[in-house]
Amino acid sequence: MLWLAAHYPQWALQYFCYRNELGQSAAVLLYEPKSLQVLALDSQSEQAGVKLGMSLSTAQSLMPSAMLVEFDASISQQASDWLCQWSYEFSARVVPLRCSLNVEVQKTPRTKLDVDEFVPNTLLLEVSSMALIFDGIDKLVEQYHQRAKALGLEVSLALAKTPLAAQLLACDASMGNQQAKLTAETFSPNDYLNSDKTLQLLNQLPIALLPLSVFLKQSLHDIGIKSFASLSALPDKELGRRFGVKLLQLLARISGSLPQPLNYFEPEESYQQKLTLLYEVELMQGIVFPLGRMLKEMASYLLLRQKAIQQLKLSLIYRDSERSQLDIIIQYPFSEHRSDSLLSLCRMQLERITLYQPVVEIVIYVDKFVPIAVAHDSWFGQPKELQGQRSEKALRLMAQLQARLGKEKVKGLQASYAHLPEDSWKATELSETAKDQSIAGKRQQVSSEATASSSAVSAGACRPSWLLTMPELIAIEQIELLKGPERLQTLWWQEPQICRDYYVASHYQGGLCWVFREGNRFFLHGWFG
């Protein structure tokens with residue numbers, strides 16, 4: 001197996017900048033809220049003299065224009081999920097990275113001879129099984145690097161045959177191969193992507209990069225062990241007796257003689273995304289812009305899983321924590337997965353909502369997904385096998401009408417089994433109408449063309465396009481009967497018993513109308529177009 005390791009030294013900070021669309025010129029400092037120490041900084045702040053671990057007050061004096069961001073464990077978790085989600089496009093086996101900024105993890109008690117089996121800030125991808133899909137490992141690595149760069153991420157890549165070796169080399173490549181200064185041998189970034197040079201690169205690896213406790217590193221340094229080559233040259237028996245079995249297991253996992261257990265990333269069955277705004281939003285129009293970025297990111301997630309949504313829960317967190325959050329259910333009646341359509345329908349539904357306080361956070365949540373429907377981009381002229389299915393443009397129009405007017409105000413027409421014209425249709429939900437059209441389309445395929453043509457003549461040739469809500473009394477002198485009668489009546493068990501004789505007639509003011517006779521009186525019931 002071949003593993004690609006991606007080391008992200010500033011991934012939590014860069015994820016924050018990406019989510020809030022902060023340019024490279026913006027100075028940002030990520031600090032720990034309890035100790036008020038700098039955890040991560042941008043290149044501009046570093047040039048001004050700010051360093052990691054520096055107090056926040058000192059950092060502000062050196063870089064007063066820097067934006068201060070409080071580190072939260074949820075930030076690193078969201079950033080890790082985000083990295084895994086788009087990395088999932090390049091490999092089905094993605095190992096999430098561990099955040100080195102998490103203070104709680106750093107405070108975990110460790111023994112003097114403790115050894116870790118995971119390099120922080122480093123993502124792992126198994127790529128040997130993806131070579132055929134990307135037409136070679138080199139193209140996969142190139143596309144992955146370009147994707148990370150397009151997202152504004154600083155990354156160092158390395159290939160190796162074992163997960164731990166790939167992580168260590170990626171971390172070494174990120175540090176600029178400082179150990180090469182102590183040796184006469186230098187390596188280029190491309191050497192880290194050549195698995196044949198893994199052993200040479202590991203030999204010059206400094207002991208400081210190995211995931212060892214401080215006591216172990218100092219002990220090895222005291223006896224003159226400064227590189228991985230000098231460490232691996234020591235006898236295993238003596239090394240294990242003095243420094244513990246865990247160190248021997250670490251060396252075995254680096255070489256591949258001992259397997260390393262890994263926990264792979266698995267996409268969640270639900271989707272949740274949270275964005276803390278950099279400013280307070282008082283009008284709903286101000287929600288649309290940051291919401292558009294969130295929906296664009298969700299659209300990539302849906303495309304990756306080949307899923308669409310019909311309902312989205314949008315939660316707006318007010319500035320006043322005592323006031324309950326505003327939960328809004330956004331409906332997508334015909335399922336949607338594209339970012340532009342997601343935002344367009346969402347914006348129409350948000351126009352009817354008023355904010356009662358400034359909003360400081362936005363949360364979107366989806367717990368139900370449906371498969372992406374294959375739509376047909378034409379209004380008319382569908383082939384027989386597609387008859388009864390709505391076109392792409394028709395679905396978009398109906399979805400926009402529901403978003404603008406409300407779901408309860410947009411209905412479809414569905415035929416019912418009744419003889420009287422006013423009872424032969426009913427208003428239903430659009431989804432129910434679509435099911436009825438699909439069933440009707442299948443029945444029409446089974447029936448013969450002769451039956452279909454005769455049915456059209458008998459059922460549709462003499463039916464008006466406009467039916468009055470209530471029949472209106474009309475004098476016989478105002479019409480001239482042209483065709484009929486056609487008798488329509490209720491079934492024998494129905495009450496009240498109604499029997500009508502319908503005629504196609506010409507109105508004295510012009511136009512064709514549909515009338516019926518009950519007894520000696522005539523009633524106007526519809527108009528032909």
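Just so we're clear, the structure is a prediction, and the values are computed from it rather than from any experiment. (Residues numbered from 1 in each chain as written. Predicted model: local features only at pLDDT ≥ 70, side-chain atom pairs only at ≥ 80, totals over all residues. Heavy atoms only, no water.)

A. Broad picture of the overall build of the chain. What the chain contains, in helices and strands, is 17 helices and 19 strands. Taken over 529 residues, the chain has a buried fraction of 43%. Of the contacts formed within the chain by residues at least 6 apart in sequence, a portion of 63% connects residues at least 24 apart. Counting every atom, the chain has about 29,400 Å² of accessible surface; 53% of that belongs to carbon and sulfur. (Helix = DSSP H or I, 4+ residues; strand = E, 2+ residues; numbered from the N terminus. Buried < 20%, exposed > 50% of the residue type's maximum accessible area, 1.4 Å probe, protein only. Contact = heavy atoms within 4.5 Å. Areas by Shrake-Rupley, 256 points an atom, 1.4 Å probe, with all protein chains shown as cover.)

B. Expanded view of the side chain of D42. Residue position: D42 is located in the loop between β3 (38-41) and α2 (43-47). It is K51 that comes nearest to the buried, bridge-free D42 among opposite-charge side chains, at 16 Å. Within the structure, the side chain of D42 is placed 3.1 Å from the backbone nitrogen of Q44, a separation counted as a polar contact. A polar side-chain atom of D42 sits 2.7 Å from a polar atom in the side chain of S45. The contact partners of D42, leaving out residues within four places of it in the chain, are L13, A26, A27 and V28. (Lys, Arg positive; Asp, Glu negative; His and termini not counted. Salt bridge = Lys/Arg side-chain N within 4 Å of Asp/Glu carboxyl O. Polar contact = N/O pair within 3.5 Å; in protein donor to acceptor, adjacent residues only side chain to side chain.)

C. Summary view of the sheet that holds strand β7 (residues 156-160). Within the open sheet, the 4 strands sit side by side as β5-β6-β1-β7. Their pairing is antiparallel. Edge positions in the sheet fall to β5 (94-95) and β7, since each of these pairs with one other strand and no more. Note that β5 and strand β6 (residues 122-126) share 2 bridges and pair antiparallel. Residue pairing for β6: V95 is matched across the bridge by L124. Here helix α4 (residues 73-87) sits on the sheet in contact with β5 and β6, set at roughly 25° to β6. (Pairing = 2+ DSSP bridges. Axes fitted to C-alpha atoms, helices over the stretch in contact; angles between N-to-C directions.)

D. Representation of the confidence of the model for the chain. Here the chain shows a mean pLDDT of 82. Residues at 70 or above account for 86%. Low pLDDT (under 50) marks residues 177-184, which in the prediction has 11 contacts with non-local residues, meaning those over four places away or in another chain. pLDDT under 50 marks residues 384-388. Its contacts with residues more than four places away, or in other chains, come to 11 contacts. (pLDDT = per-residue confidence, 0-100.)

E. Molecular detail of helix α1 (residues 11-19). Of all 9 residues in α1, 8 are buried, a share of seventy percent or more. Those residues of α1 that fall on the buried side of the exposure criterion are W11, A12, L13, Q14, Y15, F16, C17 and R19. Structurally, α1 contributes buried residues whose contacts are with β2 (28-31), β3, β4 (67-70), α4, β8 (271-281) and α13 (285-305). A positive phi of about 50° marks E21, the residue just after α1.

F. Representation of the pattern of salt bridges in the model. Applying the stated criterion to the full structure yields 12 salt bridges. Of the charged contacts, one joins D135 and K139 as a salt bridge, the two residues approaching to 3.1 Å between their closest N and O atoms. Look at K139 and you get partly exposed, because its relative accessible area is 40%.

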